[in-house]
Amino acid sequence: MVRLGPTLCRQLSSSSLISIAAKYKNYSRNVFLRYLFYAPFAVPPRGETIWERTLSLGALCRLLSFHWLGGLSSYLRAAEFSGVAWVRNSSFAWSVQPRLLTQMAQKPLRLLACGDVEGKFDALFNRVRAIQKKSGNFDLLLCVGNFFGSTPDAEWKEYKTGVKKAPIQTYVLGANNQETVKYFQDVDGCELAENITYLGRKGVFTGSSGLQIVYLSGTESLNEPVPGYSFSPKDVSSLRTMLCSTPQFKGVDILLTSPWPKYVGNFGNSSGEVDTKKCGSALISSLATGLKPRYHFASLEKTYYERLPYRNHIVLQENAQHATRFIALANVGNPEKKKYLYAFSIVPMKLMDAAELVKQPPDVTENPYRKSGKEASTGKQTPAPEEESACQFFFDLNEKQGRKRSSTGRDSKSSPHPKQPRKPPQPPGPCWFCLASPEVEKHLVVNIGTHCYLALAKGGLSDDHVLILPIGHYQSVVELSAEVVEEVEKYKATLRRFFRSRGKRCVLFERNYKSHHLQLQVIPVPLSSCATDDIKDAFITQAQEQQIELLEIPEHSDIKQIAQPGAAYFYVELDTGEKLFHRIKKNFPLQFGREVLASEAILNIPDKSDWRKCQMSKEEEETLARRFRKDFEPFDFTVDDD
């Protein structure tokens, strides 16, 4: 059979193509289809494709009637990723064979993502060949970070001149430094070599399958004019506006950036040596918040980090949305053998069942870019760098509305004079739990940290029933500043270890209702008494009996994302990290938490459900406090902090 090149294919009439198809329908369908459907797309004529230029609807229908329909579908799919100007008339293609194309599109696409190549093209493509030989072909390769390096160009020239060829359709981001700008001649994207395409400075790449890839090349710059290897706030704003203003916008499938988003490690697993509060781009954080990608790939930090998936909605306040997976990839051929190539399968969002799309992974966490419950509920996004300082913010309700307080205690408004850390809000009257208050029964205090302290509960359910309390006056967990939250978490983790060493698990609950000072109740339960599931079932069962709507919230959720400052609620945290939450709207039994734990199902001490019936003499309380201090001493992290 005579091989048909791209130029000849474009010149053939419909009748000629059909004649060739009829003559060679029992020959090599793949040879024919390669040149009929694939080659013309490699370097497509501007504004046109073979569909629009050569074939009428009737002619294409007649072509589709031949027996090599399966081959056609595979090459249509290959054509999808072979150039920027591919099959624009997608509605036309679907009208021809909707059943065929729907089945083809719903089949998961197999993709590869790669970190900094840095000019090591042979190492990358040899690795890709080995993977494809073992696992089958992938549809395309996406490269983030530095595609070109400071190495000599000899290796690249072999690909540029066609001596060597990438084994897979490869799409790359642009320059991140002045040295490599020379390789990217067209800011709107261009073919760099056979099978290697530069996507462009910024934009959206949408396949005929519906897969939507948003890309942003370069590093963040706040200077004008913006260098050729950088992006500006305007670039980010235009991308967000272009996509988010679309009716029924739900998110995108993939986001490609070179820098990491700032704060991506918040609420997540450790990012290793990379400090995500200092490293990365706040502009990209803002972009990721708005676009809600299902996958977000980045590089430049020469390390591998797969963050736990995070949710894109506020639990109990917004309808469920899909989760986002952030993956940072290392550099190709790194000596530490850190992962630089990531394989995954994906069905385009537009083709997925809604219920399947929003299904939450078991290890999903809060959105790392949301800063407080109030800010998230009002729809505020992570601000651009010119609008923020380096630290996170928390609303301080005792200041004028709209003012913010930083986690370092400094006011967010610029000032030439450093400000002293702001004091915690003061109680309106006498408080039994502010440590500086004369009303505090200090003989019950068993440990004092920087921002919090531990005290035995008065009339406790057991001799080691303790409270975690802030030293300053805060009404609930929702209103705590960042440094207080951090120390509360330290106390919780330490108490879990302490009680576990004594053959017990602990249950924690807070009732922010008819109370003026935060009290986190920590009650130990012997491991031999019951399992964690028994405790959970007891809370849910008794809540149902009293018509209390006790909802289970995700393990990695943040209470600040669920409850607003000043809102009344009841909250339980089990030793497994499972959490139960009830928003109090009217009345609530004050002793509910104690009643559940004192019940026969758990501690079996129902007569102790009311703390007022469990009071001891001061001497007895002092004895228990001394004993707890001594037992807790090996676990006391405040000694190490000093």
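Everything quoted here is computed from the prediction, not taken from an experiment.

1. Observations regarding the overall build of the protein chain
Here's step 1: The number of helices and strands found in the protein chain is 19 helices and 25 strands.
Here's step 2: Taking all 642 residues of the protein chain together, 53% fall into the buried category.
Here's step 3: In the protein chain, of all internal contacts separated by at least 6 residues, the share reaching a separation of at least 24 is 71%.
Here's step 4: Surface exposure of the protein chain reaches about 29800 Å², of which carbon and sulfur atoms provide 49%.

2. Here we look at the pairing of strand S7 (residues 212–216)
Here's step 1: Most of S7 sits inside the fold, with 5 of its 5 residues counted as buried.
Here's step 2: Going residue by residue along S7, you find Gln212, Val214 and Leu216 tucked away on one face and Ile213 and Tyr215 tucked away on the opposite face as well.
Here's step 3: In terms of strand pairing, strand S6 (residues 202–206) meets S7 through 5 bridges, oriented antiparallel. Looking at the pairing, Gly203 lines up with Tyr215 of S7.
Here's step 4: Two successive antiparallel strands, S6 and S7, enclose a turn made up of 5 residues, where Gly210 displays a positive phi of approximately 100°.
Here's step 5: With 4 bridges connecting them, S7 and strand S10 (residues 254–257) associate as parallel partners. Residue pairing across strands places Leu216 opposite Thr257, the latter belonging to S10.

3. Some points on helix H18 (residues 618–632)
Here's step 1: For H18, which comprises 15 residues, the first-to-last C-alpha distance of 21 Å matches the rise-based estimate of 21 Å (1.5 Å per residue) to within 8%.
Here's step 2: At its buried positions, H18 is contacted by strand S18 (445–448), strand S19 (452–456), strand S20 (466–470) and helix H15 (482–501).

4. Looking at helix H9 (residues 121–135)
Here's step 1: For H9, built from 15 residues, the straight-helix expectation of 21 Å at 1.5 Å per residue is met to within 8% by its first-to-last C-alpha distance of 21 Å.
Here's step 2: Burial in H9 covers these residues: Phe121, Asp122, Leu124, Phe125, Val128, Ile131 and Gln132.
Here's step 3: Where H9 is buried, its residues meet strand S1 (109–114), strand S2 (140–143), helix H10 (154–160), strand S3 (170–172), strand S5 (196–198) and strand S15 (341–346).

5. Quick word on the sheet that holds S19
Here's step 1: Taken in spatial order, the 8 strands make up an open sheet running S18-S19-S20-S22-S21-S24-S25-S23, and their pairing is antiparallel. If you trace the sheet from one side to the other, it starts and ends with S18 and strand S23 (551–553), each paired once. Going across the sheet, the axis of each strand differs from the next one's by a mean of 25°, ignoring polarity.
Here's step 2: Pairing analysis gives 3 bridges linking S23 to strand S25 (residues 579–583), with the strands arranged antiparallel. In the strand pairing of S25, Glu552 is matched with Leu580.

6. A short note on the sheet that holds S1
Here's step 1: With mixed pairing, 6 strands are arranged side by side in an open sheet as S4-S5-S3-S2-S1-S15. In this open sheet, the two strands that pair with only one neighbour each are strand S4 (190–193) and S15. Shown here is a sheet whose adjacent strand axes are inclined to one another by a mean of 25°, direction ignored.
Here's step 2: Two elements, S1 and S15, share 6 bridges in a ladder whose sense is antiparallel. The partner of Cys114 across the bridge, within S15, is Leu341.

7. Looking at the nonpolar core
Here's step 1: Of all hydrophobic cores here, the largest spans 35 residues; its most connected members are Leu454, Leu456, Ile468, Leu495, Val522, Tyr569 and Phe628.
Here's step 2: At the level of elements, S19, S20, H15, strand S21 (504–512), strand S22 (520–526), strand S24 (569–573) and H18 are the ones that each hand at least two residues to this core.
Here's step 3: Of all the elements, H15 adds the most residues to this core, at 6 residues.
Here's step 4: Excluding its chain neighbours within four sequence positions, the residues that come into contact with Tyr569 are Ser476, Val477, Val478, Glu510, Arg511, Asn512, Ile559, Ala563, Phe581, His582, Arg583 and Ile584.

8. Details of the pattern of salt bridges
Here's step 1: A complete count under the given rule lists 23 salt bridges for this structure.
Here's step 2: A salt bridge links Asp575 to Arg505, with the shortest nitrogen-to-oxygen separation between them at 3.3 Å. You can see Asp575 sitting in the loop between S24 and S25 and its partner Arg505 sitting in strand S21, a full 70 residues away along the chain.
Here's step 3: Note on Asp575: relative accessible area 19%, which makes it buried.
Here's step 4: With its nearest N and O atoms 3.1 Å apart, the salt bridge here joins Arg612 to Asp610.

9. Quick look at unusual backbone geometry
Here's step 1: In this chain, Glu224 is followed by Pro225 through a cis amide linkage whose omega measures -5°.
Here's step 2: Looking at the secondary structure, you find Pro225 in the loop between strand S8 (219–220) and strand S9 (230–231).
Here's step 3: At Lys292, a residue that is not glycine, the phi angle is positive and equals roughly 50°.
Here's step 4: For Lys292, the position within the fold is in the loop between helix H12 (282–291) and strand S11 (295–298).
Here's step 5: With a phi close to 75°, Leu300 is a non-glycine residue in the positive phi region.
Here's step 6: When you line up the elements, Leu300 lands in the loop between S11 and strand S12 (305–306).
Here's step 7: Of the residues examined, Leu300 reaches a relative accessible area of 24% and is grouped as partly exposed.

10. Focus: the confidence of the model for the protein chain
Here's step 1: Confidence along the protein chain averages 78 in pLDDT terms, with 73% of residues attaining 70 or more.
Here's step 2: Note on residues 22–105: pLDDT under 50 across the span, and 148 contacts to partners over four residues away in sequence or across chains.

11. What to know about the packing of helix H11 (residues 233–244) against H12
For any two helices packed against each other, one specifies the inter-axial angle together with the distance between the axes.
Here's step 1: The N-to-C vectors of H11 and H12 enclose an angle of 0°; their axes lie 10 Å apart at closest approach. Accordingly, the angle class assigned to the pair H11 and H12 is roughly parallel. In this structure, H11 uses Pro233, Val236, Leu239, Arg240, Leu243 and Cys244 to contact H12, whose residues at the interface are Leu283, Ser286, Leu287, Gly290 and Leu291.

12. Some remarks on the side chain of Asn176
Here's step 1: Along the chain, Asn176 turns up in the loop between S3 and S4.
Here's step 2: A residue is classified by how much of its surface remains accessible, and Asn176, at 9% relative accessible area, is buried.
Here's step 3: For Asn176, the side chain forms a polar contact with the main-chain oxygen of Gly145, separated by 3.2 Å.
Here's step 4: A polar atom in the side chain of Asn176 sits 3.0 Å from the side chain of Asn146.

13. Notes on the packing of aromatic side chains
Here's step 1: For the structure shown, the criterion picks out 35 aromatic pairs.
Here's step 2: Aromatic side chains Tyr569 and Phe581 sit 5.8 Å apart centroid to centroid with 25° between the ring planes, which places their arrangement in the stacked category. In this pair, Tyr569 is assigned in strand S24 and Phe581 in strand S25, connecting sequence segments 12 residues apart. Each member of the pair, Tyr569 as well as Phe581, carries the same accessibility label: buried.
Here's step 3: Site record: aromatic cluster; members linked through ring pairs are Phe121, Phe125, Phe147, Phe148, Trp156, Tyr159, Tyr183, Phe184 and Tyr198.

Reading guide: rules and limits
- Residue positions within a chain follow its written sequence, with the count starting from 1.
- Per-residue local features of the predicted model are confined to residues with pLDDT of at least 70, and side-chain atom pairs are confined, for both listing and counting, to 80 or more; whole-chain, interface and lining totals are unaffected and use all residues.
- For the side-chain quantities, the full set of heavy atoms in the structure was used; hydrogens and water were omitted.
- Only DSSP runs of H or I covering at least 4 residues are called helices, and only runs of E covering at least 2 are called strands; the numbering of each starts at the N terminus.
- Burial classes: relative accessible area under 20% of the type maximum marks a residue as buried, over 50% as exposed, and values in between as partly exposed (1.4 Å probe, protein chains only).
- Any two residues whose heavy atoms approach within 4.5 Å at even a single point are treated as in contact.
- Areas reported as accessible are Shrake-Rupley estimates using a 1.4 Å probe. Residue values count occlusion only from the protein chains shown.
- Paired strands, in this sense, are two strands between which DSSP finds at least two bridges.
- Any helix carries an expected span of 1.5 Å times its number of residues minus one.
- Whenever a helix is involved, its axis is fitted only over the stretch in contact; in every case the axis is a line through C-alpha atoms, and angles between N-to-C directions fall within 0 to 180 degrees.
- Among buried residues, the Ala, Val, Leu, Ile, Met, Phe, Trp, Tyr and Cys ones that are joined through side-chain atoms within 4.5 Å form a nonpolar core.
- The salt bridge criterion pairs a side-chain nitrogen of Lys or Arg with a carboxyl oxygen of Asp or Glu, the two atoms within 4 Å.
- Residue-level confidence of the predictor, termed pLDDT, takes values from 0 up to 100.
- Roughly parallel means an angle under 35 degrees; roughly antiparallel means over 145; roughly perpendicular covers 65 to 115; every other angle is labelled oblique.
- Polar contacts here mean pairs of N or O atoms no more than 3.5 Å apart (in protein, one a potential hydrogen donor and the other a potential acceptor; neighbouring residues in sequence count only if both atoms are side-chain atoms).
- Stacked, edge-to-face and tilted are the three classes for Phe, Tyr and Trp ring pairs, Trp counted by its six-membered ring, which pair at centre distances within 6.5 Å; planes under 30 degrees apart are stacked, over 60 edge-to-face, the rest tilted.

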